[in-house]
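Spelled out from the first residue to the last, the chains are:
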Amino acid sequence: MPERSYLVGLIGAGIGTSLSPALHEREAARHRLTYAYRILDLDRLGLAAEAVGDLLRRARDLGYHGLNITHPCKQLVIEHLDALSPDAATLRAVNTVVFTDRGAVGHNTDLTGFTESFARGLPDAPTRHVVQLGAGGAGAATAHALLTLGAHHLTVVDAEHARATALARALTTRFGPGRATAAALPEAGERLRDADGLVHATPTGMARHPGLPLPEHLLRPALWVADIVYRPLRTPLLRAAERLGCRTLHGGGMAVFQAAEAFRLFTGREPHGDHMLADLTDLVGTTT
């Protein structure tokens, strides 16, 4: 018999095709838990991102145990929380909220998710200089992960230059002078000429944000390329990189390992990461 029931959900925009419900519910079944995972799609609800606070309060009143938070609410949700984990406080981005006796506590499992995925998928990749596209909530997590993993220098590029500058400043404060700089989007090509790798941390490449995040001619065979998008697993960027012979890392591993850590936070149970990776492969195969 199941030992306990859980009600959790996901808040974000354009998330109707998210695999998070299936990943969580399949893992819960292995633990013999009754586990319902609901989608709270801002687009379908006709709500702006700023409504995240109201949704958070409503979910708690309805008995939810916690919520995952995705684009575009990872930073907006912070002002509505009662406490932050150390990682979430450092990154100023939250992708998991757990309702506790202390109130709504924000966590960031993107950091551990990307760290685990990169360590498994590109274990010996050179990281003297890495260029990252995107300085939002997910980008903050991947940037901190890269420097924690030993990247010597990270260049942060974002369409909103002020956001890239703020992230680079936060990275420098934590990791030391010279570890991170910001660059404007038109400078991406110049910075990539001296880079070992490229991390893509924007929504471009998803079904509702089609296309490439930068011109294909800026890629070269010696560059490794990692993408955080996982629907599809082989994004237009990764396909272009593969045609050139680049080593690539899709976003599926990050999606799985951040979900595994969120599952641990919601239930207190140790997740089966390898089984969840197999679940993702199965789910992508049946839904794309």
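Residues numbered from 1 in each chain as written. Predicted model: local features only at pLDDT ≥ 70, side-chain atom pairs only at ≥ 80, totals over all residues. Heavy atoms only, no water.

Here we look at the packing of aromatic side chains
In step 1: Going through the model one piece at a time under the given rule, you end up with 4 aromatic pairs.
In step 2: On the basis of an interplanar angle of 40 degrees and a centroid distance of 6.0 Å, the ring pair of Tyr 6 and Tyr 35 is categorised as tilted. Of this pair, Tyr 6 sits in strand 1 (residues 5-12) while Tyr 35 sits in strand 2 (residues 34-41), placing them 29 residues apart in sequence.
In step 3: Look at Tyr 35 and you get buried, because its relative accessible area is 8%.
In step 4: Centroid distance Phe 114 to Phe 118: 5.8 Å. Interplanar angle 35 degrees. Geometry classified as tilted. With Phe 114 and Phe 118 both in helix 5 (residues 110-121) and 4 residues apart, the pair spans about one turn of that helix. Like Phe 118, Phe 114 is buried.
In step 5: Every member of this aromatic cluster is reached through a ring pair, and the members are Tyr 6, Tyr 35 and Phe 263. (Phe/Tyr/Trp six-rings, centres within 6.5 Å; stacked < 30°, edge-to-face > 60°. Helix = DSSP H or I, 4+ residues; strand = E, 2+ residues; numbered from the N terminus. Buried < 20%, exposed > 50% of the residue type's maximum accessible area, 1.4 Å probe, protein only.)

Things to note about the nonpolar core
In step 1: Phe 118, Leu 146, Leu 154, Leu 171 and Trp 224 are the most contacted members of the largest nonpolar core, which totals 31 residues.
In step 2: Elements that contribute at least two residues to this core include exactly helix 5, helix 6 (137-148), strand 8 (153-158), helix 7 (161-175) and strand 11 (224-227).
In step 3: By residue number, the principal contributor to this core is helix 6, which donates 7 residues.
In step 4: Here Phe 118 is in contact with Pro 123, Ala 125, Thr 127, Leu 146, Leu 149, Trp 224 and Leu 249, once residues within four sequence places are set aside. (Core = buried A, V, L, I, M, F, W, Y, C linked by side-chain atoms within 4.5 Å. Contact = heavy atoms within 4.5 Å.)

Digging into the pairing of strand 7 (residues 129-133)
The two faces of a sheet get side chains in turn, since along a regular strand they alternate between them.
In step 1: Of all 5 residues making up strand 7, 5 are buried, and the element is well covered by its neighbours.
In step 2: Judged from the 5 bridges that link them, strand 7 and strand 8 form a sheet pairing that is parallel. Each bridged residue has a counterpart across the sheet, and for Val 131 the counterpart in strand 8 is Thr 155.
In step 3: As a crossover connection, the stretch from strand 7 through helix 6 into strand 8 is right-handed.
In step 4: Looking at chain direction, strand 7 and strand 10 (residues 197-200) are connected through 4 bridges and run parallel. The partner of Val 130 across the bridge, within strand 10, is Gly 197. (Pairing = 2+ DSSP bridges. Right-handed = clockwise from strand over helix to strand, strands pointing away.)

So far we have only geometry, and geometry alone does not tell us how the molecule works.
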